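The chain contents come next:
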Amino acid sequence: MNIDAGTMRPQEHGEVYVLNDGGEVDLDLGNYERYLNVTLSRDNNITTGKIYREVIEKERRGDYLGKTVQIVPHVTNAIQDWIERVSKIPVDETGEEPDVCIVELGGTVGDIESAPFVEAMRQFQFRVGHENFALIHVSLVPDMHGEQKTKPTQTTVHALRGLGLLPDLIACRLIVQKPLEPATKSKISMFCHVAPEQVVGVHDVSSVYHVPLLLQSQGIVQYLQKRLNLASIQITPQMQERGRSLELRWRELTKRQERLFDEVTIALVGKYTDMTDSYMSVVKSLEHSAFRCNRRLKIKWVDASDLEPESQHTNPAKYHDAWRAVVSANGILVPGGFGVRGSEGMMLAIKWAREQKIPFLGICFGFQLAVVEWARHVCGMAGATSAEFDARAPEPVIVFMPEISKTHMGGTMRLGLRPTVFDEDSEQWSKVRKLYGGAGKIWERHRHRYEVNPALIERLEKSGMRFIGKDERGERMQVFELPDHPYFVGFQAHPEFCTRPLNPSPPFLGLVAAASGVSVLNEQLEVQLKSFKPPHPEGSMVDEASLRSDEPRPAGEEAILSSEQ
């Protein structure tokens, strides 16, 4: 029933993924953007809350002309209308209407929560026609001591057929490294009323990046070409060449990954380390960067609270293990988060990285804490803190942004793609700027309520803190970098949301490269200067005034409620 994922706990649902337009969505949309190299919008994320809100707003306006508003047809029609509208929105640099739209209907067959969506899909197949609708059903095939069991798949397909949906492909998920056996495939084909070629196996592989090749090897592309009559779509020679190039580079990436021997270790010092999906995009950014640097990535997960002095008395084993991980790492990363818990431990890790010349990257909350740590130990401001921790602090280094709502939490932060302008003198020495191809202006996605106190900027910079990236007005600090350090960088934005397997996020690439050695960092700086290309469509890289403009939206498109503005 949530409108979006913005108010969900990371430890329960994983990370909140932010899109260019500021939509706070499920982490699955991050997987789609990364794998397919597309740029999605908040409308690509449908929730029960959004649908019900739209239907209720229509009823309040009188759009239903006095009719009794019901799940069928009003809610199911709203779902279908939403899907049909969003499926026509361009998602890549071509600006063309997509030929194929993937709709992921989450949950389990029979769940009460997904019932209106299942019924909507049953109706939708007749609205668009048989040739324009294919259903892939994902089902678990348990492996019991070497024997693959098909009964769960038979049962769930039976339930799905009872609801009016017939699967065209059955993707059998095996949580072992053993492929789907031919006998198992034949049995599922027989009892689930599909041909053998309509059953594909997805077993555990050494890397998730092998999965597309695994599916391709089982003929899924050829089947969908036939089932959806994709041969009727005219594909230009340029498009074919781009596809061949992508496949070649993807295969090279997976092959190279298997041959990596040199290891790079990154200590991830966070608040939600008991649920690693809380940092899904951060992990993917590190993985993509490690591929580029030809290194095998090893992440050491460190709960920031375990680094604090109190932990030495309450749990000495965890305290020493946490510090052992930090001091032995090649690089240190402090990602985003909210709240005071663990903040002192994070600042201790930041201080270690700064003083010991260990490559460091701070993201959002990590950026802010690095500024607080600098204020305390370099500027001599012993009481330096964030207004997030102490609203009555006499001299807060981090303050609440004046334009942000103090009464509503959902959708009220500074969200979405925003420009950052580099200082002119940074071109000569800044590693971060070189990682962005030497560009004077970059765009990254933001999600925050707090910022560096403008009243203290001059004092911080006089002490040696270099804020090399600011907003277009030059008022909001967005990137810092220390010139006399191998790699000490902070971003107020969340650059991890824009990483791609073949185009890693520049700040993360810098961290992994610096952690791998000076020669590797210099090599990647040269590569980025020559070949870096932003992952955003040209039309989305505009000034902040244009991003703030509230243009009329099509009927049914999500808009922030007036009470939340």
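Residues numbered from 1 in each chain as written. Predicted model: local features only at pLDDT ≥ 70, side-chain atom pairs only at ≥ 80, totals over all residues. Heavy atoms only, no water.

*Asks:* What is the right way to read the nonpolar core from this model?
*Replies:* Note on soluble globular proteins: their nonpolar side chains tend to be buried together. Residues Val269, Val397, Leu460 and Phe467 are the most contacted members of the largest nonpolar core, which totals 45 residues. Of all the elements, helix 15 (residues 365–377) adds the most residues to this core, at 8 residues. Counting residues in each nonpolar core, the second largest holds 36 residues, with Ile266, Leu333, Ile442 and Val512 among its members. (Core = buried A, V, L, I, M, F, W, Y, C linked by side-chain atoms within 4.5 Å. Buried < 20%, exposed > 50% of the residue type's maximum accessible area, 1.4 Å probe, protein only. Helix = DSSP H or I, 4+ residues; strand = E, 2+ residues; numbered from the N terminus.)

*Asks:* How should the side chain of Arg476 be read in this particular structure?
*Replies:* As for its position among the elements, Arg476 is in the loop between strand 16 (467–470) and strand 17 (477–481). A polar contact of 2.7 Å, which involves the side chain of Arg476, links it to the side chain of Glu451. (Polar contact = N/O pair within 3.5 Å; in protein donor to acceptor, adjacent residues only side chain to side chain.)

*Asks:* Got a minute to help me understand unusual backbone geometry in this structure?
*Replies:* Of all residues except glycine, most have a negative phi; of all peptide bonds, most are trans. Cis geometry marks the peptide bond from Val72 to Pro73, where omega comes out at 15°. For Pro73, the position within the fold is in helix 4 (residues 71–86). Despite not being glycine, His145 shows a phi value in the positive range, around 55°. As for its placement among the helices and strands, His145 is situated in the loop between strand 4 (143–144) and strand 5 (147–148). Owing to a relative accessible area of 85%, His145 belongs among the exposed residues under this scheme. Even without a glycine there, the phi angle at Asn294 is positive, about 55°.

*Asks:* What is the right way to look at the pattern of salt bridges in this model?
*Replies:* Where charged atoms from two side chains of opposite charge approach closely, those side chains can pair. Tallied over the full model, the rule gives 31 salt bridges. With its nearest N and O atoms 3.8 Å apart, the salt bridge here joins Glu355 to Arg354. Accessibility expressed as a relative area gives 42% for Glu355, which makes it partly exposed. The shortest N-O distance in the salt bridge between Glu458 and Lys462 comes to 3.4 Å. With Glu458 and Lys462 both in helix 17 (residues 457–462), this residue pair falls 4 residues apart, about one helical turn. We note that Glu458, like Lys462, is exposed. Through salt bridges with shared partners, a single network forms among Lys351, Arg354, Glu355 and Glu373. (Salt bridge = Lys/Arg side-chain N within 4 Å of Asp/Glu carboxyl O.)

*Asks:* Teacher, can you tell me more about the packing of aromatic side chains here?
*Replies:* To describe a pair of aromatic rings, one takes the distance between the centres and the angle between the planes. Across all of its chains, the model carries 16 aromatic pairs by this definition. These aromatic residues form a ring-pair network of at least three members: Tyr35, Tyr209, Trp250 and Phe291. Cation over ring: Arg85 sits above Trp82, and NZ or CZ is 5.4 Å from the ring centre. (Phe/Tyr/Trp six-rings, centres within 6.5 Å; stacked < 30°, edge-to-face > 60°. Lys NZ or Arg CZ within 6 Å of the ring centre and 35° of its normal.)

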